[in-house]
Structure formats: structure tokens, C-alpha cells
Amino acid sequence: MIESIKPGFVQLSELGSTSAGGKVLFATDDFFAACENMISDTDPIFIADKYTEFGKWMDGWETRRKRVAGHDWCILKLATKCVIRGFLVDTAFFTGNYAPKYSIQAACLSSEDEVSMPERIEYKWEEIVPITALQPGYEETRHNFQKVLSDEAWTHIRVNIFPDGGIARLRVFGEAKPETPAYNEIVDLVSVVNGGYCVGFSNAHYGHPSNMIKPGKSKIMADGWETARRLDRPTVIEVNADGTLNVQGEEWAVFKLGFIGRIKKVCIDTTQFKGNFPDTVKIEGVYLGNASWPESKDALWRLIIKPSKLTANKEHWYSCDSDVTSHIKVTMAPDGGISRIRIFGVVDSIIN
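Here we summarise the structure given alongside this text. Note that the structure is a prediction, hence the values are computed from the model and not measured. (Residues numbered from 1 in each chain as written. Predicted model: local features only at pLDDT ≥ 70, side-chain atom pairs only at ≥ 80, totals over all residues. Heavy atoms only, no water.)

The next thing to look at is the packing of aromatic side chains. Enumeration over the complete set of coordinates arrives at eight aromatic pairs. Taken together, Phe9, Phe145 and Phe173 form an aromatic cluster joined through their ring pairs. Residue placement shows Lys50 over the ring face of Trp57; its charged tip is 4.2 Å from the ring centre. Across from the ring centre of Trp73, 4.3 Å away, lies the NZ or CZ of Arg158, which sits over that ring. (Phe/Tyr/Trp six-rings, centres within 6.5 Å; stacked < 30°, edge-to-face > 60°. Lys NZ or Arg CZ within 6 Å of the ring centre and 35° of its normal.)

See the structure below:
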């Protein structure tokens, strides 16, 4: 099996999938498989003997074989206004029915523009991926990565396939560029739609920490941050006087806040994690100015939420009043899973 070489842009926020807030506004055709499948959060699957009244069931977007003039296309609304740095077009399991070529256009559209869908104002669309060949959906060729060079910020994309066929998944990687809120407004400073992103972590065996800053509640356990069980955990677990577990190990993830500000309230959500939630969690913060967080160098972290016991499948709320903060560090002990974190605060009026 040939492993795809992943480009650097896949470490950025993913802003097209359903859980991030992406949405299908229009598709010319989805006779065999709905366009919404293409932005599904789960990896594509294949069920050999599954058919529908329209034909073979496929886990992706699949149009009928074109028997009229033209080509197929769809319009997607991104989770937030963003600079797109790259795409993954995954043709998994579309081996004889994949779209042979595609292109992608982008636009900044208003809510009024959306009302006119599927009609479109052609001059608003800019080509950011020219007509490009796709490879069939075998394991060694399914991942088609495409870098984007434009530094413009966009709200919508138009995905064109030439002339028809199927795409299993589309992933949109980039940097959120939301409007700065009023300085007295309480917002989720770390949310992906507000520009937050994960810059480092200790372990992500089952689920990446970036899942925790998606909007909305998680619907499955995979849509959260879950680590492997630490191998240095004690043979027999003992409990401290304060009720926390007597363990040495911990796992951590660091996030750059979308807006630098003062944190007022924190939510740690263990929804979906019923037998594998962490024992405790703590939140630390730091202000790094214009510098980025360097994993190799210790930052002077300030405690925002002291180590606190967690329970299964529940939101845990904490009040606080932090200094100006640009980065947070979430530390769980000893291991386990967290579905979402919310870092509510006010934007600093001087720095942002």
C-alpha cells in the first residue's frame, strides 16, 4: 500500500465539512449520491451489496452519466470567511465512476447573494484551482491534494466536475478571517470559526484536538480529542485525598486563540465520552505578543482553571477572569477524551 504524502496545509483548520459549519447550497445533479455526503465528517466507506432504487449506494457525491450538454457543479458555503490554503479531493471507492477532472472557483457572497442561488453573478467567481485531473479511488491514488496560492479571503466555493462522476470527500484547509466583534461582546475566542487553531499536542491517537473547537455539539465519539491509554498508568489505581487519581501522566494540546482577549468562562464538554473521559482537566494561558508558540521552548503559562474533576458525557462550566491571553493549553490527566472546549471572553480592544 502506498501512503499519500500529506502537504503542510493539512495542519490548518478544516473549514468545509459539516461539523465545521460547511453547507451545500446547490448541486446540478446528485442522482446516485447526495452532494452533502461529500462534506461528511466521517471517512468514506464501501458496502459491496448495498443498492438503492437509483443504483449502487456510494458514500460521496455522484451524478448520473451526462446525456445532455454541460458539466456538473455544486456551491458550498464555508464555515466562515477564510483564506484557503489547500484542498483534499478524495475519490475513495470511486474506481470506475470518479470525476476525471475538476476545478474550484471561490467568491465572497452576501446573504442576499445566497437567496439567488442557483443563479449566480459570474464575475464574482475567481478560479483558485484550474481544471485538474483526478485519480481513481484506489487506496494508493484516492488522495488528491491541491495547494492554493491566492491570499484572498472567501465565503463560498463552486466545485466543478468535468463532465460528471463522483467524489467521495472534499476537505478545505485554511485560515479563518472573521470580522472582529465589538470589544464588550462575549465570544468564543478559540472557536475555529473565529480563527482559533491547534498549534501542538502530545497525543491524538483516536481523535485530533482540533475537533474540540468546532461549532455545535459532537454527534459521535470520533468527533473529539481522544488519546491512547497511557502505558505509564499505575498497575493499581489509587485516589488522592481530594478525589483525583494518583497518576503521574498527562496529555496536552495548545491552541492559538482567534481573538486575543480576557477569558471569562470556560466549558469542557465530555459528551460522547462515557467510559473514557479524563479524570481531571486544567486550562492555562499565555500572551505571546506577535510571537508564535514554540513547542521546543517553555512558555510562562498562567493557571486559568485549576485541575478539576470531570464526569462522563457532560458539559462542565467554570468562571474565571484571566489576563490578556493569546494561547491556551488544555491538559488532561491521565488520558481520555474531550468532545468540545469553549473559551468565552472579551476581545482586547488595544491588541486586536
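So, on to the side chain of Thr63. Note that Thr63 resides in the loop between β5 (61–62) and β6 (72–90). Exposure remark for Thr63: the relative accessible area of 2% places this residue in the buried category. For Thr63, the side chain forms a polar contact with the side chain of Asp72, separated by 2.8 Å. Look past the residues within four positions of Thr63 in its chain and what remains in contact with it is Asp29, Phe31, Phe32, Asp72, Ile161, Asp164 and Gly165. (Helix = DSSP H or I, 4+ residues; strand = E, 2+ residues; numbered from the N terminus. Buried < 20%, exposed > 50% of the residue type's maximum accessible area, 1.4 Å probe, protein only. Polar contact = N/O pair within 3.5 Å; in protein donor to acceptor, adjacent residues only side chain to side chain. Contact = heavy atoms within 4.5 Å.)

Moving on to the pairing of strand β10 (residues 153–162). Taken across its ten residues, β10 has ten buried, putting it largely inside the fold. In this structure, strand β7 (residues 101–107) lies alongside β10, joined through seven bridges in antiparallel fashion. Bridge pairing links Ser103 to Asn160 in β10. (Pairing = 2+ DSSP bridges.)

A word on the pattern of salt bridges. For side chains of opposite charge, pairing can occur when their charged atoms come near one another. Counted according to the given criterion, the structure contains 19 salt bridges. For Arg142, the salt bridge is made with Asp90, and the minimal N-O distance between the two is 2.7 Å. A residue pair is termed long-range when its members are at least 10 positions apart, and Arg142 in the loop between β8 (126–133) and β9 (143–147) and Asp90 in strand β6 qualify at 52 residues. For Arg142, a relative accessible area of 11% gives the class buried. Note on Asp90: relative accessible area 4%, which makes it buried. For the salt bridge of Lys264 with Asp321, the shortest nitrogen-to-oxygen distance reads 2.6 Å. Placement of Lys264 in strand β16 (residues 251–269) and of Asp321 in the loop between β19 (315–319) and β20 (324–333) is noted, with a sequence separation of 57 residues between them. Several salt bridges share partner residues, and in doing so they unite Arg85, Asp151 and Glu175 into one network. (Salt bridge = Lys/Arg side-chain N within 4 Å of Asp/Glu carboxyl O.)

This part takes up the nonpolar core. When a protein is soluble and globular, its nonpolar side chains tend to lie buried together. Ranked by internal contacts, the top residues of the largest apolar core, which has 58 residues, are Ile84, Phe87, Ile157, Leu170, Phe255, Ile328 and Ile341. In terms of nonpolar packing, the next biggest core, distinct from the first, is built from six residues, Trp73, Ala107, Leu109 and Met117 among them. (Core = buried A, V, L, I, M, F, W, Y, C linked by side-chain atoms within 4.5 Å.)

Another point: the pairing of strand β17 (residues 280–286). β17 sits mainly inside the fold: six of its seven residues count as buried. Bridging between β17 and β20 involves seven bridges; their strand directions are antiparallel. Counterpart to Val281 in the pairing with β20 is Met332.

On to unusual backbone geometry. For the bond running from Phe162 to Pro163, omega is -10 degrees, close enough to zero to count as cis. Along the polypeptide, Pro163 turns up in the loop between β10 and β11 (166–167). Although it is not a glycine, Phe93 sits at a positive phi angle of roughly 75 degrees. Structurally, Phe93 is set in the loop between β6 and β7. Here Phe93 falls in the partly exposed class, since its relative accessible area comes to 34%. Unusually for a residue other than glycine, Asn313 sits at a positive phi of about 55 degrees. The topology assignment puts Asn313 in the loop between β18 (302–309) and β19. Residue classification places Asn313 among the partly exposed positions, given a relative accessible area of 36%.

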